[in-house]
Amino acid sequence: MSPAPASPTEPSVDPFTVEAIMARLAAGDTAAIFALAEHHGHRIAGVVRRQLRTCGVESVGPDDLQSLVLDACMELHGVARAWRPGGALPWWWAQGRIQAVVNRWVGVHADPLEDHRSRADREVEPAAPSVEDSLVAAFARLVAEDPRVRLVAEAARAAKVDDVALVCLLDYQIQQVQGDPSPAHTLAERYGTTPDAMRQRICRGRRRLRQVVATDPRFADLSELELVA
Amino acid sequence: MNGAAAARRRHPSMRAPVDTAAVQRRVATTVRAAGGDHPEVAASVLAVRGTSGLVPDAFARRAGVELEVLRRAEAGEISRDQLPGSLRRMVPPE
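The structure presented is a predicted model; accordingly, all values stated were derived computationally and were not measured.

Parameters at a glance
- Within any chain, residue numbers begin from 1 and follow the written order of that chain's sequence.
- Following the order in which they are written, the chains are lettered starting with A and the ligands numbered starting with 1.
- Totals for whole chains, interfaces and linings use every residue, but because this is a predicted model, local features are given only for residues with pLDDT of at least 70 and side-chain atom pairs only at 80 or more, for both listing and counting.
- Only hydrogens and water are removed before side-chain values are computed, so all heavy atoms of the structure are retained for them.
- Elements are defined by DSSP. Helices are runs of H or I of four residues or more, strands are runs of E of two residues or more, and each kind is numbered from the N terminus.
- Any residue under 20% of the maximum accessible area for its type is buried, any over 50% is exposed, and the rest in between are partly exposed; the area is computed with a 1.4 Å probe on protein chains only.
- By definition, residues are in contact when any of their heavy atoms lie within 4.5 Å.
- Here the Shrake-Rupley method, with its probe set to 1.4 Å, supplies the accessible areas, and only the displayed protein chains count as covering residues.
- Every residue carries a pLDDT, the predictor's confidence in it, which falls somewhere between 0 and 100.
- The pocket and cavity definitions rest on a 1 Å grid over protein atoms only: a 1.4 Å probe that fits but cannot leave marks a cavity, an open set with protein on both sides within 12 Å along at least five of seven lines marks a pocket, and residues lining either have an atom within 4 Å of a point.
- Grid points are joined across faces, edges and corners, and a volume is the space filled by probe spheres set on the points.
- A pairing counts as a salt bridge when a side-chain nitrogen of Lys or Arg comes within 4 Å of a carboxyl oxygen of Asp or Glu.
- Expected helix span is taken as 1.5 Å per residue step, with the number of steps being one fewer than the number of residues.

(A) Highlighting the overall build of chain A. A count of helices and strands for chain A gives 10 helices and 0 strands. Looking at chain A as a whole, 41% of its 229 residues qualify as buried. Within chain A, counting contacts between residues at least 6 apart in sequence, those at least 24 apart form 58% of the total. If you sum the accessible surface of chain A, you get close to 12,600 Å²; carbon and sulfur atoms cover 52% of it.

(B) Layout of the environment of valine 57 of chain A. All names here are of chain A. Relative to the elements of secondary structure, valine 57 occurs in the loop between α2 (32-54) and α3 (62-79). For valine 57, a relative accessible area of 19% gives the class buried. With 49 residues separating them in the primary sequence, valine 57 and valine 106 have C-alpha atoms 8.1 Å apart. Apart from the residues within four sequence positions on either side, valine 57 is in contact with Leu52, Trp105 and Val106.

(C) Just the confidence of the model for chain A, in detail. Here chain A averages 83 in pLDDT, while 85% of its residues score no lower than 70. Residue range residues 6-10 of chain A is modelled with pLDDT below 50. Its contacts to residues more than four positions away, or to other chains, number 8 contacts.

(D) Spatial organisation of unusual backbone geometry. Residue and element names in this part refer to chain A. Positive phi is not limited to glycine here, since lysine 160 has a value of about 60°. Tracing the backbone shows lysine 160 in the loop between α7 (147-158) and α8 (163-177). In this structure lysine 160 comes out as exposed when scored by relative accessible area, which is 68%.

(E) Looking closely at empty space enclosed by the protein. Throughout the structure, instances matching the rule amount to 1 cavity of 30 Å³ or more. Put simply, the largest cavity is a space of about 40 Å³. Looking at the largest cavity, the residues that line it are Phe34, Ala37 and Glu38 of chain A together with Val18, Thr20, Val23 and Thr51 of chain B. Mapped by element, the contributors of at least two residues to the lining of the largest cavity are α2 of chain A together with α2 (20-33) of chain B.

(F) Highlighting the pattern of salt bridges. All chains considered together, the criterion is met by 14 salt bridges over all chains. Across the pair arginine 97 of chain A and aspartate 180 of chain A runs a salt bridge, and its minimum N-O distance is 2.5 Å. Of this pair, arginine 97 of chain A sits in helix α5 (residues 95-109) while aspartate 180 of chain A sits in the loop between α8 and α9 (183-190); the two residues are 83 residues apart in sequence, bridging distant segments of the chain. Given the relative accessible area of 15%, arginine 97 of chain A is considered buried. Arginine 49 of chain B is paired through a salt bridge with glutamate 74 of chain B; the nearest N and O atoms lie 2.6 Å apart. Linking arginine 49 of chain B in helix α3 (residues 39-52) with glutamate 74 of chain B in helix α5 (residues 67-74), this pair joins segments that are 25 residues apart in sequence.

(G) Spotlight on α3 of chain B. For α3 of chain B, spanning 14 residues, the distance from its first C-alpha to its last is 20 Å, which sits close to the expected 20 Å at 1.5 Å a residue. With 10 of 14 residues buried, α3 of chain B lies mostly within the body of the structure. Taken residue by residue, α3 of chain B has Pro39, Val41, Ala42, Ala43, Ser44, Val45, Leu46, Ala47, Arg49 and Gly50 of chain B as its buried positions. Contact partners of the buried residues in α3 of chain B: α1 (18-26) and α2 of chain A together with α2, α4 (56-63), α5 and α6 (85-88) of chain B. Positive backbone phi, approximately 80°, marks glycine 53 of chain B, located one or two places after α3 of chain B.

And the structure:
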């Protein structure tokens, strides 16, 4: 965690407004999380409860709710730089992120679907979708294991989209699916570039892939793929 | 902040479902993960400043400490014993 930077917030401005808190979070001021939780935690809790209801959870204990609201605050901290004042309130703007937090919690507490089957009945123990630490390593394994992923990698090579750019494209897609309201901001930090440059990279990669898939019959099966849609 | 806004904030319906200690524990975890040696100290100082709503330089002035000392304390680089008195009083002894 980087030390809190000096923020230009004027002393006369109410420091607990949504705009002031988000500006401080965007500037990397971790202390603003306390203000967010204390002054707007009840609103974030409203979004959390709403998302829980969509998952069929009608009531939640105070400790669990507190933990979920805290997770949501951390998510808002992570995307604060992408939020713009004047639009939707941060917890509505980033409700996809909050939904992902809730989904994880519900998933952890849900009853396993295969409870009725004993482990002995299974021929092969199911593997986790990804056991690698990095997306690059996970993708490399999938290329070796899954013919469809291999086809994507081949299409990328034909489109002159290098491995890093392809993984970046996939990462972008993952962020979008997880409800990130601004994947370009999230990934720009991760890949050490600017959000604009990231958008350009994604756009260029998608365009090249789309072109290859549309013109080369070897890759016709990929035309329905979200990645090139 | 005007009186109406202050009164609205005191209303039970506006009560946050999160207590400061819980946020502090979570922030301490983050500081620890970032390599801070004294995460609890950092979280305590961050909690006091966060709930005060002050930016670092204003808070440092108010507490009568150097801005750099405050930054280092918030990054978990300073133990409670090494903190200047005014900051040390904000951190409960372990």
